[in-house]
Structure formats: C-alpha cells, structure tokens
Amino acid sequence: MEPTSSQGARVTWTEATATDLVDGNVAVTSDYASGSRFPVGTTVVTFTATDSHGNTASSYMYVSVHDTYAPTAKVLADGAPRVATTANVRATFSEPVSG
C-alpha cells in the first residue's frame, strides 16, 4: 500500500468473523479498526475472539505501507530560483540532475 500523506495511509478490510462450537458467532475485537491510518512501515493487526466461557482465539495480519515514489523537482520555466523574503538574501542553486 502506498502512503497518501506523510502520516501514512488509511487501510480498509472486511471485518473478521469467528464462530464457536457452543456459542455460534462470537464478537471479534481488534487493536485497529478498518479504515485506520497506518504509518509507513509494517504494522501487525491482531484480531481476538472470546466465547462465553472465556476461551480465546487470535489471528493477525500484516499491514505494510511503503513509499516507493521518488520525489519530483520542479524548476521554473526560466530556470531561476525564486525566494520570497523581505530580508536581503542571496540564493544560489545547482541545476537538478536526474537519475
């Protein structure tokens, strides 16, 4: 998954379900909700189901957010840098090099 901002990416999934032999369907809790924002990197999301007798079962998934896009540099049409300031400042720059 690619991040959509510097805070990472929102990730959604189909909610987990669990069944128990005695109780039938039981609620599943998670340390993250579907639609949560995840930072760049890998996060483990744990799902836990507990039946009426206190028996638990857990499962997990990895959510990976990786920034694979290179930054882009923009140079004005005339190639000159622009500095917005009220101070007496001299700006110098080198032509961008691709690669």
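Quick caveat, the model's predicted, so the values are computed rather than measured.

Each value, and the rule that gives it
- Residues numbered from 1 in each chain as written.
- Predicted model: local features only at pLDDT ≥ 70, side-chain atom pairs only at ≥ 80, totals over all residues.
- Heavy atoms only, no water.
- Phe/Tyr/Trp six-rings, centres within 6.5 Å; stacked < 30°, edge-to-face > 60°.
- Helix = DSSP H or I, 4+ residues; strand = E, 2+ residues; numbered from the N terminus.
- Buried < 20%, exposed > 50% of the residue type's maximum accessible area, 1.4 Å probe, protein only.
- Pairing = 2+ DSSP bridges.

A. Quick peek at the packing of aromatic side chains. Summed over all chains, the structure comprises four aromatic pairs. Ring centres of W13 and F38 lie 6.1 Å apart, and the angle between their planes is 55°; this geometry places the pair in the tilted category. Here W13 is found in the loop between β1 (9-11) and β2 (18-20), whereas its partner F38 is found in strand β5 (residues 36-38), with 25 residues between them in sequence. Just as W13 is buried, F38 falls in that class too. Seen from their ring centres, Y32 and F38 are 4.9 Å apart, and the 40° between their planes marks the pair as tilted.

B. Spotlight on the pairing of strand β6 (residues 41-50). As paired elements, strand β4 (residues 28-30) and β6 share three bridges and run antiparallel to each other. Across the sheet, the residue bridging to S30 is F47, located in β6. As paired elements, β6 and strand β7 (residues 56-65) share 10 bridges and run antiparallel to each other. Of the residues in β7, the one forming a bridge with T50 is T56. Once β6 ends, the chain turns through five residues before running back antiparallel as β7, passing G54 with a positive phi of about 85°.

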